[in-house]
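# A look at the structure
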Amino acid sequence: MKNSRKAIVTIVLLCLMIAYLSQCMRSGLPPDKRGQAFAPEQTCRQCHQAIVDSAMLTAHHNASVAASKSNIPGNFAEGSNLFIYDSLNRVVMEKRDSGLYQVWYEGNKEKLAHRFDVGFGYSHALTWLFWQDDHAYELPLSWYKAEQSWGTSPGFPASQPYFNRLIGVDCFECHSSNINHKKNSAAAGDYFASAEQAEMLDKTSLVYGINCQRCHGPAAEHVAFREQHPGDSSASHMLRMASMSRQQQLDACALCHSGNSQPKLKSRFGFRPGDALANFFLPGGDATADVHGNQLGLLQQSKCFLQGNSMTCNTCHSPHNNASDNLATWSQKCMGCHSPTGSNFCTVKNHDMQLLQSNCIDCHMPRQASKAINYQLAGQPAPLAYRLRTHKIAVY
């Protein structure tokens, strides 16, 4: 009797797996690495082509990439491809047959070389990781777009090359859509596990970037429903952002944009739209919000946020498009509430009205130095603080 029940369970599981794989085969796409609840990511494009094509160009989608010779910016020309630490030590960016490398030379002798394997970042600075067995480490030099220069990776020393910064799953949780611990490694929260054991990662399970289902939730049921009901354009089996409460919408962004300095209860990869952030982190944390990584903490200090009950991140940002560099575009968003004819418009006197309407941002959301990120450029004698636009809307 026990054997027959076991056989039935096995047959049912096999049927489900065959059905799932056959669906993927019909679409010509491999199954998603996150499991059966997730649809192959490119199936989203079959119905949402314009949105997906736009999202693929964003900083979210490119928050992590597989590094290659075609997508690593930076100057590899001789003389501009190095960082000199002292009279003896330097790191040189080199193109080799097997990829691009950061190479540490001590005198004229090569001491260490590691390949660019995974890229983190997109809009401002780009830093890279290298794989060594089942561990990810950060390379010592990053490319800074605004300065068009190589510099020390954030927080790295400028006194000597350093290749030992272990990058754990926490970083991947905000820069990718999935990565698993190695099954034979100690659990991340195991008191007896060393940092190296706890951060043994399965790089074959890495899903690069922040993709559709990271923010919209698993879509396999939604795709199956739409295939069975081609004339039904409803968001069946998906939670629409517009149907969520203000706090649920904020929590979805706060998962990675609120600093999260408090102890973690569960992996961010388990978060689904509609979940409460309080179920993933203990209360408390650093009360001082930095311009890097805690945009929501700064926004919540703003009168615009506090005096209304509807403002969310999506009030100003579209997650399917990159933030515009056109300050007038952002100023138009401000004037959606602060009309030039209203009593709450800018009180600065004796200024050209057109000028005021074209740039609210530099006055009320200026760029500020991050306390979390410092770096040193090649050829520069002193470290710099990275400057990012604050999300605390105020009078400065």
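Before reading further, recall that the structure is shown in the block above.
This structure is a prediction, so every number in the text was calculated from the model and none was measured.

Residues L141 and W143 of strand β9 (residues 141-144) are buried on one face, and the alternating residues S142 and Y144, pointing to the opposite face, are buried as well. Bridge count for strand β7 (residues 125-132) against β9 is 2 bridges, and the pairing is antiparallel. Within β9, the position partnered with L126 by the bridge is W143. Relative to strand β10 (residues 149-152), β9 runs antiparallel, the two being bridged by 4 bridges. Along β10, the bridge assignment pairs W143 with W150.

A few words now on the side chain of N178. Examined against the element boundaries, N178 turns out to sit in strand β12 (residues 176-181). You can call N178 buried: its relative accessible area is 7%. A distance of 3.5 Å separates polar atoms of two side chains, one belonging to N178 and the other to N180. In terms of polar contacts, N178 uses its side chain to reach the backbone carbonyl oxygen of S205, at 2.9 Å. In contact with N178, not counting residues within four places along its chain, are K33, R34, S205, L206, V207 and F269.

In this structure, H292 sits in the loop between α8 (246-257) and α9 (295-299). The exposure class of H292 is partly exposed, given its relative accessible area of 41%. Separated by 77 residues in sequence, H292 and A369 place their C-alpha atoms 9.1 Å apart. Excluding residues that lie within four positions of it along the chain, H292 makes contacts with S370, I373 and L388.

Our focus in this paragraph is the nonpolar core. By size, the foremost hydrophobic cluster in this structure holds 19 residues, and its most contacted members are I72, F76, F116, W128 and W150. Looking at this core, the elements that each hand over two or more residues are β3 (89-96), β4 (99-106), β7 and β9. Element by element, the count of residues in this core is highest for β7, at 3 residues.

Analysis parameters
Each chain carries its own residue numbering, running from 1 in the written order of its sequence. Side-chain atom pairs in this predicted model are given and counted only at pLDDT of 80 or more, local residue features only at pLDDT of at least 70, and totals for whole chains, interfaces and linings cover all residues. By convention in this description, side-chain values take in all heavy atoms of the structure and omit both hydrogens and water. The cut-offs for exposure are 20% and 50% of the maximum accessible area for each residue type, with area from a 1.4 Å probe on protein chains only; residues under the lower value are buried, those over the upper are exposed, and the others partly exposed. A helix here means a DSSP run of H or I that spans at least four residues, while a strand means a run of E at least two residues long, and both kinds are numbered starting from the N terminus. When DSSP finds two or more bridges between a pair of strands, those strands are recorded as paired. Polar contacts, as counted here, are pairs of nitrogen or oxygen atoms within 3.5 Å of one another; within protein the pair requires one atom able to donate a hydrogen and one able to accept it, and residues that are adjacent in sequence qualify only if both atoms are side-chain atoms. Whether two residues touch is decided by their heavy atoms; if any such pair falls within 4.5 Å, the residues are in contact. Residues grouped as a nonpolar core are buried Ala, Val, Leu, Ile, Met, Phe, Trp, Tyr and Cys residues, joined through side-chain atoms within 4.5 Å.

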